[in-house]
Structures are given as structure tokens and as C-alpha cells.
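# Per-entry structural report
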Amino acid sequence: MFKGTYHHRIDAKGRLPVPAAFRRELGGNPGQVVVTLLDQCLAAYSPSEWARLETQLAALPAFSKPVKALTRLLASRAADCEIDVQGRILLPPALRAAAGLGRDAVVVGVLNRFEVWSPESWDAFVRESERLLDDVSLDIQWPLPPAGPSGPVPAPPTPPSVSGDPQAKPNG
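Residues numbered from 1 in each chain as written. Predicted model: local features only at pLDDT ≥ 70, side-chain atom pairs only at ≥ 80, totals over all residues. Heavy atoms only, no water.

## Here's the deal with the nonpolar core
- Formed by 23 residues in total, the largest nonpolar core has its most connected members in Val33, Val35, Leu42, Ile89, Leu91 and Phe114.
- Mapped by element, the contributors of at least two residues to this core are α1 (20–26), β3 (32–38), β4 (41–45), β5 (79–82), β7 (104–110) and β8 (113–117).
- Looking at this core, the element that brings in the most residues is β3, giving 3 residues.
- Residues within four places of phenylalanine 114 in sequence aside, it is in contact with Phe2, Val18, Phe22, Val33, Leu42, Ala43, Ala44, Val107, Val108 and Gly109.
- Within the second largest apolar cluster, 7 residues are counted, among which are Val34, Tyr45, Trp50 and Leu74. (Core = buried A, V, L, I, M, F, W, Y, C linked by side-chain atoms within 4.5 Å. Buried < 20%, exposed > 50% of the residue type's maximum accessible area, 1.4 Å probe, protein only. Helix = DSSP H or I, 4+ residues; strand = E, 2+ residues; numbered from the N terminus. Contact = heavy atoms within 4.5 Å.)

As C-alpha cells, then:
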């Protein structure tokens, strides 16, 4: 799985160094990735992960307008990018422009892919995401409880709030 955040420079020819940890993660085929535009960034997938994504897209309803739109956008913007012997990928100019990439880039691991962001877009995304998480109750216990033999162990019930009045009844 891809994880971590790295800051790199894109050279004058449009080549971006792939972090060594990500090259190791590519394992069986470290010489190639499939890059496509996703949101405000470029998403890079290993060939096997891209094939899995294609299979998932092909399994969706073929005549659904949103499915057709998603499939067209992802596939039409995708490019096979070779990783050279120095561990760099040549990002196509059209994809760099669409993602707003200049000289500096933030490379972010996102589990099954890594993404390439302009520093400004990444900073804006992080600020917005942090604000969103502050505003939303996800009803998720974090950190996750330890897993038991049959799955996660349920959290103990939250005790009723206690007031200074011994006669007070719990809210329920």
C-alpha cells in the first residue's frame, strides 16, 4: 500500500522522481504506472491495480450516464508512464497542465495509488478536509477497537452524563 507525503521537483522535461518506497511497492512491475487525472491531481496506479479498476468499471451498468462519464474521463485521460533507471516518470504535458503542476509537486500515497498534487492544491485540499472532519461526526471510534476472534470488539456503552444532583435521572 502506498502511504506518506513527499515533496519533489519536476524537471524541465516533465520528469518526476517516484519516491523509493513507492517504487518498492510497485514490486513486480516497477518500470511502469498508469497515470490519470483525478480531482485536482494526477493519480498513478500500478498496472495490476489499473486492471482491477478497469474490471470494476466494466462490471458497472454499461448504459448508466454517470458510469459512462466516469469511465470515459478516467480512460481518456490515462497514460502509460515508464519509470526510468533513475526512478523518474515522465508526466505528459497535458496531464501536468490539467493538474496545475509546475516545478514543485507533492507526492501522496493513498493506499492503492499515489497522487501528484501542486503544493497549492494539496494545501487547499488539506485545509478543506480538516475543516470537513471537524464539522462532521463520522460516528467512527478512533482508534479502532482491537479485533477479537469474531471481528471487532464492541466498545463499552457510554455511561450517562452525571450531574451534581444525586436525584437527577439519566437522559434517555
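## Focus: the packing of aromatic side chains
- In total, this model carries 8 aromatic pairs according to the counting rule given.
- Measuring from centroid to centroid gives 5.3 Å for phenylalanine 2 and phenylalanine 22, while their planes differ by 80°, and the two rings are edge-to-face. Of this pair, phenylalanine 2 sits in the segment before β1 (5–9) while phenylalanine 22 sits in helix α1, placing them 20 residues apart in sequence.
- Residue class for phenylalanine 2 comes out buried when judged on its relative accessible area of 5%.
- Classification of phenylalanine 22 by relative accessible area gives buried; the value is 1%. (Phe/Tyr/Trp six-rings, centres within 6.5 Å; stacked < 30°, edge-to-face > 60°.)

## So, the pairing of β3
- Counting buried residues along β3, 6 of its 7 residues qualify, which places the element largely inside the surrounding structure.
- Alignment of β3 against β5, held across 4 bridges, turns out to be antiparallel. What sits directly across from valine 34, in β5, is aspartate 80.
- Bridge analysis of β3 against β4 gives 5 bridges, and the strand direction is antiparallel. In the strand pairing of β4, threonine 36 is matched with alanine 43.
- The antiparallel hairpin formed by β3 and β4 contains 2 residues in its connecting segment, where aspartate 39 sits at a positive phi of about 55°. (Pairing = 2+ DSSP bridges.)

## Focus on the environment of arginine 15
- With respect to the helices and strands, arginine 15 occurs in strand β2 (residues 15–17).
- Separated by 74 residues in the primary sequence, arginine 15 and isoleucine 89 have C-alpha atoms spaced 5.3 Å apart.
- Sequence-distant contacts of arginine 15, that is, excluding residues within four places in its chain, are made with Arg9, Ile10, Asp84, Arg88, Ile89 and Leu90.
- Side-chain polar atoms of arginine 15 contact the side chain of aspartate 11, separated by 2.6 Å. (Polar contact = N/O pair within 3.5 Å; in protein donor to acceptor, adjacent residues only side chain to side chain.)

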